[in-house]
Amino acid sequence: MSDEGICWLIGAGPGDPGLLTLKAKECIERADVIVYDALSSAEVLRWAGRGAELVFVGKRAKNHAMPQEEINRLLVERTREGKRVARVKGGDPMIFGRGGEEAAELAAAGVKFEIVPGISSAIAGPAYAGIPVTHREHCSQLTIFTGHEDPTKGDSSIDYASLAAAPGTKVFLMGVSRLREIAAAFVEHGAAPDTPIALSRWATTGAQRTITGTLADIADIAEQEDFRSPAVAVIGGVVNERERINWFESRPLFGRRIVVTR
């Protein structure tokens, strides 16, 4: 790696720091500035070098620590100063992470940058819940979309008619707060009400929690369970595989905190 100014757009994975790539860890260790969001595991900051500047720019629903325009400006300014900047995002920076927008700003500014892909929760979340997003007995197609839009608004860019008609598994992120509307939109556009659906919260971490149901009742189940974001949702027959391969949440010490004394 060069010592000149550079910005790394890094995917920190779904939560478990063990799923971070070796290149991502190396970049974080070498960074002069670390710009991180709310979904990045706090453990990755332990790899920061002594004296590194840490800047929190996390977002939760409508609560933004820093507007996107200011984040873009910060990345460009620090890189122009000749610093090594690690922009750390949860999951993969190019899957609903606005990494493409930040890369475009860096490119327009003429500064050096690299993209360091990460494991998206869209794949890892279901896997840790015992749900394969593709399976020869169920499907060979996967569709990923964002739930961070209200399907009842007139100018929604999400085509629920096409989604409902498409074969295979559907995975959506950032949609817990609109779960009832999303499930209803699928049924309204032709999806069977008894289509299986699962939601996994804080996937790949010790706080992981998964609920299952159908498009007809999942919103009620989520309300009864007080199920909140962040979560990934999986729609399709692959959800039924969880009964056989729920490997993570069935471990003997899952969900327990172990305190070592001396």
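What comes next concerns the included structure. These numbers were taken from a predicted model, which means no experiment stands behind them.

Right, let's talk about the overall build of the chain for a bit. Scanning the chain for helices and strands turns up 8 helices and 12 strands. Counting over 262 residues, the chain shows a buried share of 48%. In the chain, 68% of the contacts between residues at least 6 apart in sequence involve partners at least 24 apart. When the accessible surface of the chain is summed, it comes to about 13500 Å², and 49% of that surface belongs to carbon and sulfur atoms.

As a further point, take the packing of aromatic side chains. The full count for this structure, using the stated rule, is 8 aromatic pairs. When the centroid spacing of 6.2 Å and the interplanar angle of 85° are considered together, the rings of F145 and Y160 count as edge-to-face. Of this pair, F145 sits in strand β8 (residues 142–146) while Y160 is found in helix α5 (residues 160–165), placing the two residues 15 residues apart along the sequence. Taking the relative accessible area as the measure of exposure, F145 reaches 6% and is therefore buried. Three or more aromatic residues joined by ring pairs make a cluster, and in this case those are F145, Y160, F172 and F186. Of note, K25 hangs over the ring of W47, and the distance from its end group to the ring centre comes to 5.3 Å.

This part takes up helix α1 (residues 22–30). Listing the buried residues of α1 in full gives A24, C27 and I28. End-on view of α1: buried residues confined to an arc of 100°, all on one side of the axis. Buried residues along α1 sit against β1 (6–11), β2 (33–36), β6 (84–89) and β7 (113–116).

Okay, unusual backbone geometry next. Cis geometry is adopted by the peptide bond preceding P230, which originates at S229 and carries an omega value of 0°. Structurally, P230 can be placed in the loop between α7 (218–224) and β12 (231–235). In this structure, F96 is a non-glycine residue whose phi angle is positive, near 55°.

A separate point is the sheet that holds strand β11 (residues 209–214). Ordered by their spatial adjacency, 5 strands build an open sheet running β8-β9-β12-β10-β11, and the pairing between neighbours is mixed. Edge positions in the sheet fall to β8 and β11, since each of these pairs with one other strand and no more. Neighbour-to-neighbour, the strand axes of this sheet turn through a mean angle of 20°, independent of strand direction. As judged from the 5 bridges shared by strand β10 (residues 196–201) and β12, these two strands associate in the antiparallel manner. Looking across to β12, one finds that A198 is bridged to V234. The sheet contacts of helix α4 (residues 121–128) involve β8, β9 (169–173), β10 and β12, and relative to β12 the element is tilted by about 75°. Here helix α6 (residues 179–188) sits on the sheet and contacts β8, β9, β10 and β12; the angle it forms with β9, its principal contact strand, is near 155°.

In the structure shown here, the tally under the stated rule is 16 salt bridges. The salt bridge involving R180 is made with D220; its shortest N-O contact spans 2.9 Å. You can see R180 sitting in helix α6 and its partner D220 sitting in helix α7, a full 40 residues away along the chain. Across the salt bridge formed by E225 and R209, the nearest N and O atoms sit 2.8 Å from each other. On the criterion of sequence distance, the pair formed by E225 in the loop between α7 and β12 and R209 in strand β11 is long-range, its members being 16 residues apart. Look at E225 and you get partly exposed, because its relative accessible area is 39%. Among the residues examined, R209 registers a relative accessible area of 29% and is labelled partly exposed. Shared partners join several salt bridges into a network, and the residues in it are R87, K89 and E102.

What counts, and where the lines are drawn
- Residues numbered from 1 in each chain as written.
- Predicted model: local features only at pLDDT ≥ 70, side-chain atom pairs only at ≥ 80, totals over all residues.
- Heavy atoms only, no water.
- Helix = DSSP H or I, 4+ residues; strand = E, 2+ residues; numbered from the N terminus.
- Buried < 20%, exposed > 50% of the residue type's maximum accessible area, 1.4 Å probe, protein only.
- Contact = heavy atoms within 4.5 Å.
- Areas by Shrake-Rupley, 256 points an atom, 1.4 Å probe, with all protein chains shown as cover.
- Phe/Tyr/Trp six-rings, centres within 6.5 Å; stacked < 30°, edge-to-face > 60°.
- Lys NZ or Arg CZ within 6 Å of the ring centre and 35° of its normal.
- Arc of directions from axis to C-beta.
- Pairing = 2+ DSSP bridges.
- Axes fitted to C-alpha atoms, helices over the stretch in contact; angles between N-to-C directions.
- Salt bridge = Lys/Arg side-chain N within 4 Å of Asp/Glu carboxyl O.

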